[in-house]
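# Results of the structural survey
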Amino acid sequence: MPVAVLAALAAGACFALAGVLQQRAASARPAEEALSWTLLSHLVRRPLWLSGIAFAFIAYGFQALALSSAPLSLVQPLIVCELIFAVPLSARLSHKRLGVREWIGTFAVAAGLAVALSTARPHGGSSTDADLGPWLMTLGSVCGVTLCALVARRFVSGTWRASLVALAGGAVMGFQSVLLTITVAHVERGLLAVFTAWQTYLLVIASFTGLLLIQSAFQAGPLAATMTVIDATEPAVAIATGTTLFGESLNHGWPTSAFTVLGVCLTVFGIVRLNSSPLIAALHPRQTHHSSPADGSGGGRAATEHTTDLRP
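Residues numbered from 1 in each chain as written. Predicted model: local features only at pLDDT ≥ 70, side-chain atom pairs only at ≥ 80, totals over all residues. Heavy atoms only, no water.

## Re the overall build of the chain
Counting secondary structure elements, the chain contains 14 helices and zero strands. Within the span of the chain, comprising 312 residues, buried residues form 49% of the whole. Restricting the contact set of the chain to residue pairs at least 6 apart, pairs at least 24 apart contribute 83%. Accessible surface, the chain as shown: approximately 14200 Å² in total, 70% of it carbon and sulfur. (Helix = DSSP H or I, 4+ residues; strand = E, 2+ residues; numbered from the N terminus. Buried < 20%, exposed > 50% of the residue type's maximum accessible area, 1.4 Å probe, protein only. Contact = heavy atoms within 4.5 Å. Areas by Shrake-Rupley, 256 points an atom, 1.4 Å probe, with all protein chains shown as cover.)

## Describing the packing of helix α1 (residues 2-26) against helix α5 (residues 82-93)
Packing of α1 against α5 brings their axes to within 8 Å, and their N-to-C directions diverge by 35°. Crossing angle aside, the handedness with which α1 passes α5 is right-handed. For the pair α1 and α5, contact is made by L9, G12, A13, F15, A16, L17, V20 and R24 and by E82, F85, A86, L89, S90 and L93, respectively. Residue classes in the contact of α1 with α5 are distributed as ten nonpolar, two polar and two charged. (Axes fitted to C-alpha atoms, helices over the stretch in contact; angles between N-to-C directions. Left-handed = near helix turned anticlockwise from the far one by under 90°. Nonpolar A, V, L, I, M, F, W, Y, C, P; charged D, E, K, R; others polar.)

## With respect to the pattern of salt bridges
In the structure shown here, the tally under the stated rule is one salt bridge. In this structure, E33 and R29 form a salt bridge, with 2.7 Å as the shortest nitrogen-oxygen distance. Assessed through its relative accessible area of 10%, E33 is described here as buried. Classification of R29 by relative accessible area gives buried; the value is 17%. (Salt bridge = Lys/Arg side-chain N within 4 Å of Asp/Glu carboxyl O.)

## Describing helix α6 (residues 100-120)
A rise of 1.5 Å per residue sets the reference length of α6, with its 21 residues, at 30 Å; its end C-alpha atoms lie 30 Å apart and thus fit the reference within 8%. Once α6 finishes, R121 follows within two positions and takes phi at roughly 40°, a positive value. (Expected span 1.5 Å × (residues − 1).)

## Points about unusual backbone geometry
In this structure, L35 is a non-glycine residue whose phi angle is positive, near 60°. Here L35 lies in the loop between α1 and α2 (37-43). On the accessibility criterion, L35 (28% relative accessible area) is partly exposed. Of note, the phi angle at H95 is positive, near 60°, even though the residue is not glycine. Its place among the elements puts H95 in the loop between α5 and α6. The class for H95 is exposed, based on a relative accessible area of 71%.

## Some thoughts on the confidence of the model for the chain
Summing up the model confidence of the chain, the mean pLDDT is 86 and the portion of residues at 70 or higher is 88%. Taken as a whole, residues 287-312 scores under 50 in pLDDT and shows 48 contacts with residues more than four places along the chain or in a different chain. (pLDDT = per-residue confidence, 0-100.)

## Quick notes on a nonpolar patch on the surface
A surface patch of nonpolar side chains, about 330 Å² in accessible area, is lined by W160, V264, V268 and V272. At three residues, the largest contribution of residues to the nonpolar patch is made by helix α12 (residues 256-275). Mapped onto the secondary structure, V272 falls in helix α12. For V272, a relative accessible area of 39% corresponds to the partly exposed category. (Patch = residues over 30% accessible without salt bridge, like charges linked within 9 Å, V, L, I, M, F, W, Y side chains within 5 Å.)

## Digging into the packing of aromatic side chains
One pass over the structure, following the stated rule, counts four aromatic pairs. Look at W135 and W198: their rings are 5.3 Å apart centre to centre, the planes differ by 80°, and that puts the pair in the edge-to-face class. Here the residue W135 occupies a position in helix α7 (residues 132-152), and W198 occupies one in helix α10 (residues 198-220), the gap between them amounting to 63 residues. (Phe/Tyr/Trp six-rings, centres within 6.5 Å; stacked < 30°, edge-to-face > 60°.)

## Observations regarding the nonpolar core
In this structure, L43, A86, V109, L113, F218, L223 and I280 are the most contacted members of the largest nonpolar core, which totals 39 residues. A per-element tally of this core places helix α11 (residues 223-245) first, with seven residues. Setting aside residues no more than four positions away along its own chain, A86 makes contact with A16, V20, L223 and M227. With 19 residues, the next largest nonpolar core counts W135, A168, V172 and L213 among its residues. (Core = buried A, V, L, I, M, F, W, Y, C linked by side-chain atoms within 4.5 Å.)

## Describing the side chain of T241
Among the structural elements, T241 can be located in helix α11. For T241, a relative accessible area of 4% puts it in the buried group. Sequence-distant contacts of T241, defined by excluding residues within four places in its chain, comprise T138, F175, V178 and F246.

## Structural notes on the environment of L50
Tracing the backbone through its elements, the reader meets L50 in helix α3 (residues 47-67). The class for L50 is partly exposed, based on a relative accessible area of 40%. With 29 residues separating them along the chain, L50 and L21 place their C-alpha atoms 8.6 Å apart.

Structure representation (structure tokens):
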């Protein structure tokens, strides 16, 4: 068990560093590249961004090590502690220090997610194929949430704009994790089952779409406004989808449900606290340089000119 705890914390630290590096690289790209494949085509040529991807793979290795000797209900809450590493590191690289408001928001999100995930603990169910009806309902719901978030971002500015893109990315990646589950189940039946299952091809689409959305979120705003929302949305969508498709059950009853609700409330409180912080907004160069928050124009040149000691 001590090995699992250390491995989970190491995974969280690597995920944090991966997010920081990817966000630093993405924020340097012009605003005109948001939500376009041009953004990814430029990022894949940046050593800084590739370093972030490498740390993400290392983090998955530590996560696998932790899960080999401990249940998901212990490992997942520890991994979300990445926020305690990522937000202060992001501020440090921008030569700023977090205040009491920002620390409270960061700890509220991390603690809220840990409490909600450890108490809800999905269990049971089967990874066998669900009927087409539930799949279509789930796919429609995820697409609806994603599109609504992307449309709503046009009516807000600053950190909330970035958070809505992160919400869309988290929703897609949460669904992607469910598609990965069913694809792994198909692998156990043989390669023919993998390549003849439509979920396999939807997994590829969801993976690339989620990657684009998350990088666009990193480009649009500070890490504290994006990683927090992604970390909250991804497991929420995965859990909701798992209960719909695979018949998984959540722990409920008193006081379990009360702690789950408390965790959700803490998470929302922390996100609002961080998104309304002027200091957090100042961590992203485009937030203080763009001229039109509604369409994101004017921020490309400012972001391109912004340099840090991490950029190669």
